[in-house]
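Fold and contact review
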Amino acid sequence: MVTVVPAAQLDDYLVRLYRAAGMTRAGARTVAGAQVEADLRGVFGHGSRLAPGYAEKLRCGRLNPRPTVRAVQSGEGCLVLDGDLAPGALAARYAVEAATDRAHRTGLGLVAVRNAGHAGALGVPAAHLARLGLVGVLAAQTSSPSVAVLGGPGTALLGNCALAVAVPGPDAKRPVLVDLAAGAMSWGRLHEHARAGRELPEGCALDERGRATRDAAAATVLLPSGERGQALAIVLELLVGALTGSSTLPRGADGRGLLCLAIDPDRLGTATRLSGAVAEFAHALAEHSARLPGDRAWAHHDHARNHGIALNRHDLAALIAAGHPHVRAPRSWTQTTARPGINPTEAPL
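Since this is a predicted model, take the numbers as computed values, not measurements. (Residues numbered from 1 in each chain as written. Predicted model: local features only at pLDDT ≥ 70, side-chain atom pairs only at ≥ 80, totals over all residues. Heavy atoms only, no water.)

Topic: the sheet that holds strand β8 (residues 205-206)
Our working definition: Any two strands are treated as partners once DSSP identifies two or more bridges connecting them. A run of H or I in DSSP becomes a helix once it reaches four residues, and a run of E becomes a strand once it reaches two; helices and strands are each numbered from the N terminus.
Spatially, β9-β8-β10 is the arrangement adopted by the three strands of the open sheet, whose pairing is antiparallel. Every interior strand has two partners, whereas the edge strands, β9 (212-213) and β10 (221-222), have only one. Judged from the two bridges that link them, β8 and β9 form a sheet pairing that is antiparallel. Its bridge partner lying in β9, L206 is registered against A212.

Details of the pattern of salt bridges
Keep this limit in mind: Each salt bridge in this description consists of a side-chain nitrogen of Lys or Arg and a carboxyl oxygen of Asp or Glu lying within 4 Å of one another. A 1.4 Å probe rolled over the protein chains alone gives each residue an accessible area, and that area as a share of the maximum for its type sets the label: buried under 20%, exposed over 50%, partly exposed in between.
Under the definition given, this model contains 13 salt bridges. One salt bridge in this structure joins R41 and E37, with 2.9 Å as the shortest N-O distance. E37 matches R41 in its accessibility class, with the two residues each being buried. Of the charged contacts in the structure, one is a salt bridge between R93 and E97, with a shortest N-O distance of 3.6 Å. Taken as a pair, R93 and E97 lie in helix α4 (residues 88-106) at a separation of four residues, close to a single helical turn.

Some thoughts on the packing of helix α1 (residues 7-20) against helix α11 (residues 313-323)
Packed helices, taken two at a time, are described by the angle their axes make and the gap between the axes. Just so we agree on the cut-off: Note on method: axes are straight lines fitted to C-alpha atoms, helices fitted across the in-contact stretch only, with angles between N-to-C directions ranging 0 to 180 degrees. Throughout, the term roughly parallel applies to angles under 35 degrees, roughly antiparallel to angles over 145, roughly perpendicular to angles from 65 to 115, and oblique to all others. Handedness of each helix crossing follows the sense of rotation of the near helix against the far helix: counterclockwise by less than a right angle gives left-handed, clockwise gives right-handed. The criterion used for residue contact is that any of the two residues' heavy atoms lie within 4.5 Å. Note on residue classes: Ala, Val, Leu, Ile, Met, Phe, Trp, Tyr, Cys and Pro are nonpolar, Asp, Glu, Lys and Arg are charged, and everything else, Gly too, is polar.
Contact pair α1 / α11: the axes reach a minimum separation of 10 Å and the direction vectors enclose 40°. Overall, the two elements α1 and α11 adopt an arrangement that is oblique. Considering the relative orientation of α1 and α11, their crossing is left-handed. Judged by residue contacts, L10, Y13, L14 and L17 of α1 engage L319, I320, A322 and G323 from α11. In the contact of α1 with α11, the residues fall into seven nonpolar, one polar and no charged.

Some words on a nonpolar patch on the surface
To keep it simple, the criterion reads: Patches here: salt-bridge-free residues with over 30% relative accessible area, like charges joined within 9 Å, nonpolar side chains (Val, Leu, Ile, Met, Phe, Trp, Tyr) joined within 5 Å. Each accessible area is a Shrake-Rupley result for a 1.4 Å probe, and residues are judged covered by the shown protein chains and nothing else.
A cluster of nonpolar side chains, namely V235, L239 and L243, defines an oily patch on the protein surface of about 250 Å² accessible area. Structurally, V235 is set in helix α7 (residues 226-244). A relative accessible area of 41% places V235 in the partly exposed class.

Thoughts on the pairing of strand β4 (residues 108-116)
Note the following rule: Note on handedness: a crossover is taken as right-handed if, strands pointing away from the viewer, the path from the first strand over the helix to the second is clockwise.
Pairing analysis gives six bridges linking strand β3 (residues 78-86) to β4, with the strands arranged parallel. What sits directly across from L79, in β4, is V111. With α4 bridging β3 and the parallel β4, this β-α-β connection has right-handed handedness. In the sheet, β4 pairs with strand β11 (residues 256-263) via seven bridges, with the strands oriented antiparallel. Along β11, the bridge assignment pairs L110 with L261.

Re α11
At 3.6 residues per turn, the α-helix brings residues three or four places apart onto the same side. Put simply, the rule is: Throughout, the arc means that of the directions going from the helix axis to the C-beta atoms. N or O atoms within 3.5 Å of each other form a polar contact, as long as, within protein, one can give a hydrogen and the other can take it, and as long as residues adjacent in sequence are counted only when both atoms are side-chain atoms.
Restricting attention to buried positions, one finds in α11 the residues D315, L316, L319, A322 and G323. An end-on view of α11 places all buried positions within 125° of arc, on one side of the element. Check the buried side of α11 and you find it contacts β1 (2-5), α1, α3 (51-60), α6 (187-196) and β12 (309-312). Of the residues flanking the start of α11, the one acting as N-cap is N312, its side-chain oxygen 3.0 Å from the backbone nitrogen of H314.

Regarding the side chain of D39
Our working rule: Asp and Glu are treated as the negative residues and Lys and Arg as the positive ones, with His and the ends of the chain left uncounted.
Its location among the elements puts D39 in helix α2 (residues 25-40). Here D39 sits buried without a salt bridge, and the closest side chain of opposite charge, R49, lies 8.0 Å off (N-O distance). Aside from chain neighbours lying at most four places away, what touches D39 is L10, F44, G47, S48, H300, I309 and L311.

Topic: the environment of D84
In this structure, D84 sits in strand β3. In sequence terms D84 and A116 are 32 residues apart; their C-alpha atoms lie 6.6 Å from each other. A polar side-chain atom of D84 sits 3.0 Å from a polar atom in the side chain of N64.

Some details on the packing of α1 against α3
Two elements in contact, α1 and α3, have axes whose closest approach is 9 Å; the angle formed by their N-to-C orientations is 20°. Comparing their axes, α3 and α1 come out roughly parallel. For α1 against α3, the interelement crossing comes out right-handed. Here L14, L17 and Y18 of α1 come into contact with α3, specifically with A51, Y54, A55 and L58. Among the residues making up the contact of α1 with α3, the classes are represented as seven nonpolar, no polar and no charged.

Structural notes on the side chain of T100
In this fold, T100 is placed in helix α4. Given the relative accessible area of 11%, T100 is considered buried. There is a polar contact of 2.7 Å between the side chain of T100 and the backbone oxygen of V96. The contacts of T100, once residues within four sequence positions are left out, are L129, L132, L134 and A262.

Geometric values such as these leave the question of function open.
Printed below as a string of structure tokens:
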């Protein structure tokens, strides 16, 4: 059973929820906007379902509702920021703005953020860079170990680091976009499997005793996606942790590292060529019954923007409870009706 919610209505509710948790209007709009954008793309694990947890962390001090994000070190093309426990979407906004400025001036902007909160869907800030005509690359750590190494004792060692790459193409609103976790899947996606009662793919997770499981409800540790996935997880931990001055291995603290790289193709003299290459690739892939990374998410975005975001009853109930008693949810949210053919758990990465 799901309720279909207009995107603008959901955004308004999240802004009010974060304002009640102490955030400024601008900060609340940034975090709410990123989560609604994730829902629009079908990445529900990093969308509005995170809001109740975020609001609680803001109230208890694990996230800073009014952070003072400051420069720790600054150079012509590089900048290091202390995020002051800002929610990840807000820290990413500061990083993207600084990287954009440097990329336009020098061709390349690299911003390292330390002490940031959970980044959410990194494809949101990466796509923002691509819509400005820049190639955007973002990577972020998780705070706790949750990924075991292949052939190890079955206990978590690595974090489930995230990586997003966005490349501008002929359609500025629909860049090529890869947004993925280093593990076999994100925890948000795993939780969607659990709520829907769907089995996990083989070789995806372990239970509390270190045994392979396909039961999402029993999964406590993720596995990498093969040896290449494990190599990616290790490299991301090293890059994001070491380059940002954060912990290389996750220690369970809320502050974590985030990297943002912006490249200006105009400065390389290849902007037109890049756009043409994207179009050529799209045509070649279509002839082989394939499509560019991100196309499925953009199609979901277009449909959800026009017809609403489908939220399952568990996530909707949690959102309503998170606002009680100070933030009132729209009356229509309590009138949940089943909508056949809409499955909010079918989320493209």
